[in-house]
Structure formats: C-alpha cells, structure tokens
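What follows is the residue order along each chain.
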Amino acid sequence: MHNPGNATPETPETQEAPDTSDRFPAQERLADGAQFIAGRLTKGTSGRTHAVVDPSTGEEVYTYELAGPADVDAAVAAARAAFPGWAATTPGERSDALHRFAAVLAERAEEFARAESLQCGKPLKLTREFDVPGTIDNTAFFAGAARHLQGQSAGEYSGDHTSYVRREPIGVVGSIAPWNYPLQMAAWKILPAVAAGNTIVLKPAELTPLTSLLFAQAATDAGIPDGVINIVTGTGKEAGEHLVGHPDVAMTSFTGSTAVGRRVAEIATATVKRIHLELGGKAPFVVFDDADLDAAVNGAVAGALINTGQDCTAATRAYVQRPLYEAFVEKTAALMETVRLGDPFAAGTDLGPLISHVQRDRVAAFVDRARAYARVVTGGEAPEGELAKGAYYRPTLVADAAQDSEIVQSELFGPVLVVLPFDSDDEGIALANDTPYGLAASAWSRDVYRANRATREIKAGCVWVNDHIPIISEMPHGGYKASGFGKDMSSYSFEEYTQIKHVMFDNTAVARKDWHRTIFGDR
C-alpha cells in the first residue's frame, strides 16, 4: 500500500489529469445494456434509466436501463437452467475454467482498473495495486480450491454402517454487492459459489455496475457456460428484494449496511433460504503504550483513509493508551495533512472523492455535529476550487469524543478517524468491544503476551497485530455481532455455498436389524 507520509506537505492537492478519453476503454463492451443474462448483455425492462456518475467531477459517464422484476425472473431462470450441467462438472473442470478466467482478467487488468476508478473515484494506483490484482488472485485461489471440496472421510462410526459426508452445491444463489468495492465484492460473491458448483445471479449497486458486468463478460469469454453467472442491475427495492424473495433462489448472500441486512434477512427467511450477511463495521485501532508510535501513526492514516474511508474494516476508532495519546494525535494530524486530494487518474493523487455528494454531505454532517462535543484536530471540510465539483472531503481527525457519542458508535463510511485515550489494558479492550459491530480490529504492541490477549478478547472476525487492512485470499473475512455471519474468501466460504449430506451404508446384509425390536417383536 502507498505510504502517504512520502507526500510533499506543500502540495496536498493535485488537479492535473490525463485526457478523459482514456478513462473508460472498456465502454464499448457495455454498449448493449447493463443486464447480463444467459451469457449476453441486454437492456433492463423497468422503464427507467440510471446514470453512473464520476464522483470526482459529477459528470455522467454511462447511462443504462434499470432491471425490473421481469429481468430478475429471466436471470434466475437462466441460472436454474444452467445449474444441473454446472453442478455435474468435475472439480477439475471447474478449476480449469476458473484458471482460464483468471488469465482473461489479467489480460484486461488495465480496463478493469480504469472502470473501477471511474465509477468509484478511487485513485488509479489503488485499483491497479489493490482491487484488480486482489481480484485476479482471488480467482486463481478458487481455481485451486475447487479441487478441495471434501467431506469427512469414510468410517464405521456405528459399527454396522459406513458413513461419509458429501458436499453438494445448493442451487441458484442470489447475491447483492455494495458500491465501495464493486469488483472485489462481485468476485467474493461469485467465485466461491461457482467453484462449489452453484449458479448465481448478482445484483451490484446501481451506482457502480461497470466492473461487475465486465467480470461476468470475462467469465463467459473464459468458457464458463452461459447462465452460470448472471448480473441484474437495478434498485434494491425493485430488483434486490425480488431477487432475495424469489422462490427459485436457494441462498442469499448480502454485503452492505446492518440496517439493509435486517431487511434482507426478513425477506429471505420467509422462504427459508440460507443467508450469508457481511454487514457494517466500526473497527477499533488499539495502541498500547509500548507500541512503535511511528508504525501506529502510519498504520492509522493508511487504515483510516483507504478507499476514502469507505471500507467496512477501515480504522475508525483509535484507542491510544494515555502516555502516547497526545503524541499520536499530533503526529497523525500532521501526516493526514500531507495526503494529496486530486483527480483519481492523476499520478500524484493519494485520496479521491467519496462515492457521491450525498455520501460526502452525510459524513460532513457527522463531523459538524461532533464539533459540539469533540475537537476536530484537522480536516472537517470539503476542499474549494476545482475539486469542489467532486464529492471530496479532507482527511479528518476528531479527538476527545465521548465513547457513547454518535461519531464513535455509528458507521460514517468516510475519511474520518476518531481518537480516544485509555488507561489500563482492561479499559482499552473493553472500549474496543463497546459498539454493536465486530468485523475487524487491530492491536499495536511490542509485547507478544499483550498482543495475544487482545487477539483473544477483542470480539471481531479479524484482528491484525501491528498492521491494519491487509487481506489475503487464503483467509476468511466475516464478522461477529451486528457485523453479520458467514465467511467470504478462503476455503471456509464453502461452508456458505455447499450443502452437507450424510450418506450411511449398512454393512450387515441382515434383513431384521437388532434395533427393530424397539418397533416390533422381542430380541
């Protein structure tokens, strides 16, 4: 990851940008519409259009017809028709298809990076170095993992029978992905599902459908059969709820806010679907008094500002033990002030805009309300000048807020870090656990016993030690408490996307078993 500490303090904003004509080289691939059903692009049938907006300029860059219920029905029908054939393929055949898929993604890496930067406002260096290579690696991982869908080995557990466990695909999966990491979230939903032999209908966020559609196209070009991967691009109320409640959808996987996750669960349980929920987060960043202060400061700024803070695992609450507190606040504010805002396609840009002006204004409102009870150390405003056209907000550090204040308890999803002091280790860990969320956390200490205690006692699905944010394909991602349940990535994700079947063979060849006496006759 880029270290913003290398930026030049005198030039915190960049405005130069390359010719806009090369920002979306894959645009022609999406000329036929934003619904990908049974291997081809089509236009939505809702009767309404939607525009993808470049959040760095506010300009519309792609307009498409939204999906309606009929498009969802068509996509589910395509997935259902493709399921028997895809489920019957061998693990080796699915593995080969996913290896080809990874190769196509690698060939088109720059197209994906530019499309992701355009629709999200991410700096191009982030999409080139994080989003796209991470997705390619995830595809390659599941190509290998497809060969390891194993159940428990055979054994005679009753004495008279041989038992073994099969893993079988569930059927049609209906997934909904968020706007903050549209490419990676499409991969996290699609790859384990299809590696396990399922077919899928994915609804990306209507704000950011471009790379999900390109991802599905690349899969088809790699030889994955039509109907295995389908994309419907529509609103949550119309397309999303219809997908979740569809009687032919056997499982729902959702990533998004906890509030919307509750609604998804309510709809899905009406038809007794399997549910996988990856919801909100408010990650604590716990700095003990023996920590490497410079490492913690660099980690806090990087962990808080990645993707302009629009990351459910971003460092949002820094708890710093009292001896380091003032120095941490001072150094973190100074480093934040060197971070360069600018055009996502400009080489010198560290931080892009938020996804929209609506989201920017929401974040600003949280910070403005916090001025009544906390100290805004740096940031806390939108830039003026050329950048005012975009949804930009300066990196912001807030100190001295109360633990029960909304800026500490609520998920902001913006470039804002709140810092609070603590005294004892007990207090620091208790404060870290004192929100409804439990997705990710980090602990900073040179003492292995102290760090080990933090990893045991902090209630989160991932706890980093002396770092914050890195993820790898081989390890699971998912939360505790209001952050949801179930795992993305890793072989653990197959727990979400497979049915476990117990098969039991009689070994006695005896017509009348001894246990039959409990129903009729005597021994």
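Residues numbered from 1 in each chain as written. Predicted model: local features only at pLDDT ≥ 70, side-chain atom pairs only at ≥ 80, totals over all residues. Heavy atoms only, no water.

**Q** Honestly, empty space enclosed by the protein in this entry has me stumped. Any pointers?
**A** The gaps of empty space that remain are located by a probe, the size of a water molecule, rolled over the atoms. Tallying each qualifying case throughout the model produces 3 cavities of 30 Å³ or more. Volume-wise, the largest cavity comes out at about 90 Å³. Taken together, 14 residues line the largest cavity, and the ones lying closest to its centre are Gly 309, Thr 316, Leu 412, Phe 413 and Gly 414. Among the residues making up the lining of the largest cavity, the classes are represented as 7 nonpolar, 4 polar and 3 charged. Reported here for the second largest cavity is a volume of approximately 50 Å³. What lines the second largest cavity is a set of 15 residues, among which Pro 284, Ala 432, Tyr 437, Gly 438 and Lys 459 lie closest to the centre. Those elements giving two or more residues to the lining of the second largest cavity turn out to be strand 18 (437-438) and strand 19 (440-444). (1 Å grid on protein atoms, 1.4 Å probe; cavity = no way out; pocket = protein on both sides within 12 Å on 5 of 7 lines; lining within 4 Å. Points joined across faces, edges and corners; volume = space filled by probe spheres on them. Nonpolar A, V, L, I, M, F, W, Y, C, P; charged D, E, K, R; others polar. Helix = DSSP H or I, 4+ residues; strand = E, 2+ residues; numbered from the N terminus.)

**Q** Would you mind showing me how to read the layout of surface pockets here?
**A** By volume, the largest pocket is sized at about 1200 Å³. Forming the walls of the largest pocket are 50 residues, and the residues nearest its centre are Pro 178, Trp 179, Thr 255, Gly 256 and Ser 257. Where the lining of the largest pocket is concerned, the elements lending two or more residues are helix 5 (182-195), helix 7 (236-245), strand 10 (251-255), helix 8 (258-269) and helix 11 (357-370). Per element, the largest residue contribution to the lining of the largest pocket is 7 residues, and it comes from helix 8.

**Q** In this structure, what is going on with the nonpolar core? I would like to understand it.
**A** As a rule of thumb, nonpolar side chains are buried together in soluble globular proteins. Counting residues in hydrophobic clusters, the biggest one holds 68 residues, and the most contacted among them are Leu 98, Phe 101, Ile 190, Phe 215, Ile 224 and Ile 229. Per element, the largest residue contribution to this core is 10 residues, and it comes from helix 5. Those residues in contact with Phe 215 that sit more than four places away from it in its chain are Phe 101, Leu 105, Phe 112, Thr 135, Thr 139, Leu 183, Ala 186, Ala 187, Ile 190 and Leu 191. The next biggest cluster of nonpolar side chains, apart from the first, holds 30 residues, and it includes Phe 285, Val 287, Val 301 and Val 339. (Core = buried A, V, L, I, M, F, W, Y, C linked by side-chain atoms within 4.5 Å. Buried < 20%, exposed > 50% of the residue type's maximum accessible area, 1.4 Å probe, protein only. Contact = heavy atoms within 4.5 Å.)

**Q** What exactly am I supposed to notice about the sheet that holds strand 13 (residues 315-321) here?
**A** Strand pairing in a sheet is mediated by backbone hydrogen bonds. Such pairs are either parallel or antiparallel. One open sheet holds the 7 strands; their spatial order is 15-16-17-13-12-19-20, and the pairing between them is mixed. The outermost strands of the open sheet, each flanked by one partner alone, are strand 15 (375-378) and strand 20 (462-465). On average, each strand axis in the sheet is tilted by 25° relative to the strand beside it, whichever way the strands run. Note that strand 13 and strand 17 (residues 416-422) share 5 bridges and pair parallel. Among the inter-strand pairings, Arg 317 is bridged to a residue of strand 17, identified as Val 418. (Pairing = 2+ DSSP bridges. Axes fitted to C-alpha atoms, helices over the stretch in contact; angles between N-to-C directions.)

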